[in-house]
Amino acid sequence: MRKTILTGDRTSGKLHIGHYFGSLKNRVELQDKYDTFIIMADVQALTDNYNNPEKVSENVMNVVLDNLSVGIDPDKSNIFIQSMIPEIAELTVYYSNLVTIARLYRNPTVKTEIEQKKLLFGEKGEGVTYGFLGYPISQAADITAFGGDLVPVGADQIPVIEQTREIVRRFNSIYGDTLSEPEHLLSETPRLKGLDGNEKMGKSLGNAVFLSDTEEEVLEKVLKALTDKNKIKKYDPADPDKCMVYYYHKLFSGEEAKIVEKECRAGERGCVDCKKQLAGNISNFLKPIQEKRKYYEERPELVEEIIKRGNLNAKKRAEEIMKKVRHSMKIDYFS
Ligand code: TRP
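Residues numbered from 1 in each chain as written. Predicted model: local features only at pLDDT ≥ 70, side-chain atom pairs only at ≥ 80, totals over all residues. Heavy atoms only, no water.

Q: Hey, could you run me through the pairing of strand 1 (residues 4–10) in this one?
A: Where a strand is regular, its side chains alternate between the two sheet faces. With six of seven residues buried, strand 1 is to be regarded as a mostly interior element. Two strands pair when backbone bridges link them, and strand 1 and strand 2 (residues 35–41) are joined in this way by seven bridges, in the parallel orientation. In the strand pairing of strand 2, Gly-8 is matched with Ile-39. Between strand 1 and its parallel partner strand 2, the chain crosses via helix 1 (residues 17–30), and the hand of that crossover is right-handed. (Buried < 20%, exposed > 50% of the residue type's maximum accessible area, 1.4 Å probe, protein only. Helix = DSSP H or I, 4+ residues; strand = E, 2+ residues; numbered from the N terminus. Pairing = 2+ DSSP bridges. Right-handed = clockwise from strand over helix to strand, strands pointing away.)

Q: Is there a simple way to think about the side chain of Thr-144 in this case?
A: Along the chain, Thr-144 turns up in helix 9 (residues 135–144). Within the structure, the side chain of Thr-144 is placed 2.6 Å from the backbone oxygen of Ala-140, a separation counted as a polar contact. Those residues in contact with Thr-144 that lie beyond four places of it in its chain are Leu-91, Tyr-95, Thr-164, Val-168, Leu-179, Ser-180 and Ile-321. (Polar contact = N/O pair within 3.5 Å; in protein donor to acceptor, adjacent residues only side chain to side chain. Contact = heavy atoms within 4.5 Å.)

Q: Please explain the site of the ligand as it appears in this structure.
A: Around the ligand, 14 residues are found, and the nearest of them are Arg-10, Gln-44, Gln-139, Asp-142 and Gln-157. Here a nitrogen atom of the ligand and a side-chain polar atom of Gln-139 are 2.9 Å apart. Bound to the protein, the ligand loses 89% of the 370 Å² it would expose on its own. Mapped onto the shell around the ligand, the elements with two or more residues apiece are strand 1, strand 2, helix 9 and strand 4 (150–153). Here the shell around the ligand takes five residues from strand 1, the largest share from any one element. Among the residues forming the shell around the ligand, the class breakdown is six nonpolar, five polar and three charged. (Near = heavy atom within 4 Å. Areas by Shrake-Rupley, 256 points an atom, 1.4 Å probe, with all protein chains shown as cover. Nonpolar A, V, L, I, M, F, W, Y, C, P; charged D, E, K, R; others polar.)

Q: Quick question: what am I supposed to make of helix 4 (residues 86–96) here?
A: Counting along an α-helix, one turn takes 3.6 residues, and residues three or four places apart therefore face a common direction. Turning to helix 4, its buried residues number three or more, namely Glu-87, Ile-88, Leu-91, Thr-92, Tyr-94 and Tyr-95. Along the long axis of helix 4, the arc covered by the buried residues comes to 165°, so they all point the same way. Where helix 4 is buried, its residues contact strand 2, strand 3 (77–81), helix 9, helix 10 (158–175) and helix 15 (300–328). (Arc of directions from axis to C-beta.)

Q: Where do I start with the domain arrangement of the chain in this structure?
A: The parts lose accessible area when they come together, and the size of an interface is often stated as this lost area. By the assigned domains, the chain splits into domain 1 (4–192 + 300–328) and domain 2 (215–293). Between the C-alpha centres of domain 1 and domain 2 there is a distance of 34 Å. The interface is formed by 14 residues belonging to domain 1 together with nine residues belonging to domain 2. The junction of domain 1 with domain 2 conceals about 950 Å² of combined surface from both sides, 70% of it contributed by carbon and sulfur atoms. Of all residues in domain 1, Ile-17, Ser-69 and Leu-192 give up the largest surface area on contact with domain 2, accounting jointly for 50% of the area buried on that side. Asp-66 is the salt-bridge partner of Arg-293, the closest N and O atoms lying 2.5 Å from each other. Linking domain 1 with domain 2 are two residue pairs in polar contact (both at pLDDT 80 or more), by the criterion used here. (Domains from an automatic or database assignment. Buried area = accessible area lost by both parts, 1.4 Å probe. Salt bridge = Lys/Arg side-chain N within 4 Å of Asp/Glu carboxyl O.)

Q: Explanation requested: the pattern of salt bridges in the structure shown.
A: Summed over the entire model, instances satisfying the criterion amount to 31 salt bridges. Linking Glu-181 and Arg-165 is a salt bridge whose minimum nitrogen-to-oxygen distance equals 3.4 Å. Note that Glu-181 is positioned in the loop between helix 10 and strand 5 (183–186) and Arg-165 in helix 10, a separation of 16 residues in sequence. What you see here is one network of salt bridges that share partners, running through Arg-10, Asp-48, Glu-113 and Lys-117.

Q: Explain the pairing of strand 5 to me, please; I cannot follow it from the model alone.
A: In this structure, strand 4 lies alongside strand 5, joined through four bridges in parallel fashion. Bridge pairing in strand 5 links Pro-152 to Leu-185. Following the backbone out of strand 4, through helix 10 and into the adjacent parallel strand 5, one traces a crossover that is right-handed.

Q: Just checking my understanding: could you explain unusual backbone geometry for this structure?
A: Glycine aside, residues mostly have negative phi, and peptide bonds are mostly found in the trans state. A positive phi angle, near 60°, is found at Lys-330, a position not held by glycine. Topologically, Lys-330 is positioned in the segment after helix 15. One non-glycine residue, Phe-334, adopts positive backbone phi at about 55°. Mapped onto the elements, Phe-334 comes out in the segment after helix 15.

Okay, here's the thing in structure tokens:
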């Protein structure tokens, strides 16, 4: 039997090149070898956007298009919407009994996110909700309700997958062997830094290049990228390792990157020209992605059909697994 991949994205905004290298690229390569399910995590997106439901629902289509545009093939992969599979919510409730509140607070991913969202959760995280704190439980349900064996994700998600494994072990030890433990699958490229040099490229951090950015938008953003602060005049020599423009050249400019490095160190290269060259290369990289996006954008009925088919296949899987779960938990009345 083929193994199953379960992965996905929160639908709180368009996806960017950080998502591409961190997880999209990987899932495109894996879809040939595995039964692939890709979740549009709108319920999870609501945990920190509960007061902005339009943002969450409007971005479902964006994230579906992002996935299709990078090469997710709807004949190989199932794209589905989290809120349309109520079995996930049911499983989340059962799992909630198996996780302590202290354990959730210790999850490094959750910890970092609470710190980053002071506006929403307060200076000391005193306003953090039950729903947000518990999102790793709901993510454990996302994965296991479909029998996900492998979960290709970015490095920031490892603690969430680890917590999923704990929940599965606890479930099996209490209710009997029912579920299998998933494993995370890391992409080769480390997490992309933001244009401003921030460790994380993030839509909320304003340092991201989106897959759907126009040439003008890419150029505008790249022109603001962080460069070596010691370089004042156009032909001062500089250290490319302190420059985000060089950091991206290495990813998007192929052989040209070597020349960039040499000329930068020698003081033979102005930053503006260097940035324009990079912006051009990023836009060239995005071109085929955006052409594919346009194809699907012009065919909304096709996209709707793709999602409906994904939902149907996902629902079938979840129903089967939930039968086993309820049986193990002795709540399979009248069956
Ligand atoms: N938490 C993931 C993120 O923020 C999105 C996600 C939701 C997910 N459910 C998932 C990823 C299940 C993998 C598997 O990117």
